[in-house]
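Descriptive structure summary
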Amino acid sequence: ETEVVRIPDNEVFHKASDPFFLATRLVFERHQARESNSKNIKMDIQDRERIHHPHFYTKATHAGQGPDPSTGAVAKPIYLNTIYQARDIFEDEVGTNTQNSDTNPTHEAFESCVAALEYCKYGICFPSGTSVVKSLLSLVKKGDHIICLDDIYGGTAETIQTLAAKKYAIDVTFADLSNPEALQAAIRPNTKLLFLETPTNPTLKVLDIKSICTIAKEHNILTITDNTLMTPYLCNPINHGADIVWHSASKYIGGHSDLILGILCTNNPILHKKLHQNRHLQGLLPCPFNCYLALRGVKTLALRVERHCWNALQIANFLSAHRHVAEVRYPGLDSHDGHDVAGKQCRGKGGCGVVAFYLTSDDVGATREVLEAVRVFVNAGSHGGTESSITTPCLTTHCGVGKQERVSRGITDGMIRLSVGIEDVEDLIGDLERALEVLD
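First, a word on what this report is: a plain description of the structure on this page.

So, how was this worked out
- Residues numbered from 1 in each chain as written.
- Predicted model: local features only at pLDDT ≥ 70, side-chain atom pairs only at ≥ 80, totals over all residues.
- Heavy atoms only, no water.
- Helix = DSSP H or I, 4+ residues; strand = E, 2+ residues; numbered from the N terminus.
- Contact = heavy atoms within 4.5 Å.
- Salt bridge = Lys/Arg side-chain N within 4 Å of Asp/Glu carboxyl O.
- Phe/Tyr/Trp six-rings, centres within 6.5 Å; stacked < 30°, edge-to-face > 60°.
- Buried < 20%, exposed > 50% of the residue type's maximum accessible area, 1.4 Å probe, protein only.
- Core = buried A, V, L, I, M, F, W, Y, C linked by side-chain atoms within 4.5 Å.
- Pairing = 2+ DSSP bridges.
- Axes fitted to C-alpha atoms, helices over the stretch in contact; angles between N-to-C directions.
- Left-handed = near helix turned anticlockwise from the far one by under 90°.
- Nonpolar A, V, L, I, M, F, W, Y, C, P; charged D, E, K, R; others polar.
- Patch = residues over 30% accessible without salt bridge, like charges linked within 9 Å, V, L, I, M, F, W, Y side chains within 5 Å.
- Areas by Shrake-Rupley, 256 points an atom, 1.4 Å probe, with all protein chains shown as cover.
- Lys, Arg positive; Asp, Glu negative; His and termini not counted.
- Charge placed at Lys NZ, Arg CZ, Asp CG, Glu CD.
- Expected span 1.5 Å × (residues − 1).
- Polar contact = N/O pair within 3.5 Å; in protein donor to acceptor, adjacent residues only side chain to side chain.

So, the side chain of H339
Along the chain, the position of H339 falls in helix 13 (residues 339-345). Among all residues touching H339, those that are not within four sequence positions of it are P331, G332, L333, D334 and K349.

Below, the structure written as structure tokens:
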């Protein structure tokens, strides 16, 4: 049964058998078993209750972790081992670390932590976000059909088009999932997967996750949601009906622009088994050091995201009143067409750490001038780091998309995307103000 927990700001979370507790217990017992060489370690009720924490900050700090049973080390160590002693050579135990190509204690800790934050029982980490998408495509076969959000992140769209459509001979339809009629029209009898993200990157279009998942379930379609931009702190798609949620952990989860990593989470044991096996068969196990860095980043995720969102809202308000700005796209603003939907399905009234805006001049030359004039913002195409970055998608993330198609999606030559960092907001606004003055 699912228990609904109501906390301030009308935020609704679900505890499905408390995945945080289950994940933490699993890792704890595995490590205790290795140390004591016992297969029947049992924790008494007081110990179990002691690690039962329902709130985000506590889960981010403790989920999947605990003092090392052999040394007492508080911080999770990095396991670089490639071989592990089997507990029982006559027993093929699921989840036992035998080779580094299967799993690793550092991976398990990171997977358990993020899964708990997403209210999931299972997590699987990968070397990158792209490898997550590649692995998800193993769920379909030749002759199947996939629906993908037309405004999905450029890297995801390129991976699906290249691998699914061109290499695996799987039909792909890109549709406007904000329109229920368009979604219904795109569904075929052989449709198996539906890829979406909200808000979209870079146009920040908001989708109603629950409505989309409801339609998908009526047709037995698996719904896969990219939650990279919103993070587990701001949104939990699983609670709105998604079957799988995934992240490019290189962004907000890692948070410091120093690792490449991906992770997916689900409550479906069959999907977990298939995807875990596929990771093994394709050799897609990530570097333990990256998992260690990401696990450390998770601990401060909520603190950083709150600062990202606060700064982004102030900048969005500043840009909304600027003479050289034609339009600002930010779900945290009341003027955004998806503000109400975002407020219902996300924490923080729909805000996030990314702001998009359009210059009054739709000339790429003017856009370049602004990007070259900034001093605090870093001219870079990624997002989610502690530092603020600025880019124009038409020259970076969507440079491979034809201009007519790109413009139809709202990605014009005069569009600028900001990944707002955690610096002092006065310095960030001052930097943008000086940069925009070059258009006078």
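As for the pattern of salt bridges
Evaluation of the coordinates by the stated rule reveals 12 salt bridges. In this structure, K217 and D243 form a salt bridge, with 3.3 Å as the shortest nitrogen-oxygen distance. Note that K217 is positioned in helix 8 (residues 209-218) and D243 in the loop between helix 9 (231-234) and strand 8 (244-248), a separation of 26 residues in sequence. Among the ionic contacts, a cluster of salt bridges with common partners joins D150, D176 and K205.

Some points on the packing of aromatic side chains
Summed over all chains, the structure comprises three aromatic pairs. Judged by centre distance (6.2 Å) and plane angle (75°), the ring pair of Y57 and Y233 falls under edge-to-face. With Y57 in helix 3 (residues 56-62) and Y233 in helix 9, this pair connects stretches of sequence that are 176 residues apart. Exposure remark for Y233: the relative accessible area of 6% places this residue in the buried category.

With respect to the nonpolar core
In this structure, F110, I315, L319, V328, Y330, V355 and L418 are the most contacted members of the largest nonpolar core, which totals 73 residues. Other than its neighbours up to four places away in sequence, Y330 contacts L204, C309, A312, L313, A316, H336, G351, C352, V354 and V355. Of all hydrophobic cores here, the second largest spans 38 residues; its members include V133, V140, I224 and L264.

Structural notes on the sheet that holds strand 9 (residues 262-266)
One open sheet holds the seven strands; their spatial order is 3-9-8-7-6-4-5, and the pairing between them is mixed. A single partner strand is all that each edge strand has here, and the edge strands are strand 3 (122-126) and strand 5 (171-175). Geometrically, the sheet is characterised by an average inter-axis angle of 20° between neighbouring strands, direction not taken into account. Summarising the sheet, strand 3 and strand 9 pair through five bridges and their orientation is antiparallel. The partner of Y122 across the bridge, within strand 9, is T266. Against the sheet, helix 10 (residues 269-281) engages strand 3, strand 7 (222-226), strand 8 and strand 9, with an angle of about 20° to strand 3.

Here's the deal with the environment of G430
For G430, the location among the structural elements is in helix 16 (residues 425-436). Between the C-alpha atoms of G430 and V374, which are 56 residues apart in sequence, the distance is 9.6 Å.

A few points about unusual backbone geometry
Here the bond from T198 into P199 is cis, since omega is -5°, no more than 30 degrees from zero. Looking at where P199 falls in the secondary structure, it is placed in the loop between strand 6 (191-197) and helix 8. A positive phi angle, near 60°, is found at Y119, a position not held by glycine. Following the sequence through the fold, Y119 ends up in the loop between helix 4 (105-117) and strand 3. According to the relative accessible area criterion, Y119 is buried, its value standing at 8%.

Looking at the environment of S178
Position of S178 relative to the elements: it lies in the loop between strand 5 and helix 7 (180-186). Under the relative-accessibility criterion, S178 is labelled partly exposed at 37%. With 29 residues separating them in the primary sequence, S178 and L207 have C-alpha atoms 5.4 Å apart. In contact with S178, other than residues within four places in its own chain, are K205 and L207.

A short note on the sheet that holds strand 14 (residues 415-419)
Sheet architecture is open: five strands sit in the order 10-11-14-13-12, paired in mixed fashion. Because the sheet does not close on itself, it has two edges, and the strands there are strand 10 (325-329) and strand 12 (378-379). One ladder, built from four bridges, connects strand 10 with strand 11 (residues 354-359); its direction is antiparallel. By the bridge assignment, E327 is partnered in strand 11 with Y358. Strands in contact with helix 14 (residues 364-373) are strand 11, strand 12, strand 13 (389-391) and strand 14; relative to strand 14, the strand with the most contacts, it is inclined by about 25°.

A closer look at the packing of helix 4 against helix 11 (residues 288-299)
Look at helix 4 against helix 11: their axes get within 8 Å of each other, and the N-to-C directions meet at 35°. At the point where helix 4 passes helix 11, the crossing takes the left-handed sense. On helix 11, the residues that touch T106, H107, A109, F110, C113, V114 and L117 of helix 4 are P288, C291, Y292, A294, L295 and V298. A per-class count over the contact of helix 4 with helix 11 returns 11 nonpolar, two polar and no charged.

As for a negative patch on the surface
A surface patch of negative charge is lined by D362, D363, E369 and E372. Its place among the elements puts D363 in the loop between strand 11 and helix 14.

With respect to the pairing of strand 8
In terms of burial, strand 8 is largely enclosed, as five of its five residues are buried. Two strands pair when backbone bridges link them, and strand 7 and strand 8 are joined in this way by three bridges, in the parallel orientation. Bridging across to strand 8, I224 finds its partner in I244. As judged from the five bridges shared by strand 8 and strand 9, these two strands associate in the antiparallel manner. Paired with V245 across the two strands is C265, which belongs to strand 9.

Thoughts on helix 4
For helix 4, spanning 13 residues, the distance from its first C-alpha to its last is 19 Å, which sits close to the expected 18 Å at 1.5 Å a residue. Counting buried residues along helix 4, 13 of its 13 residues qualify, which places the element largely inside the surrounding structure. Its side-chain oxygen 2.7 Å from the backbone nitrogen of T106, N104 forms the N-cap of helix 4.

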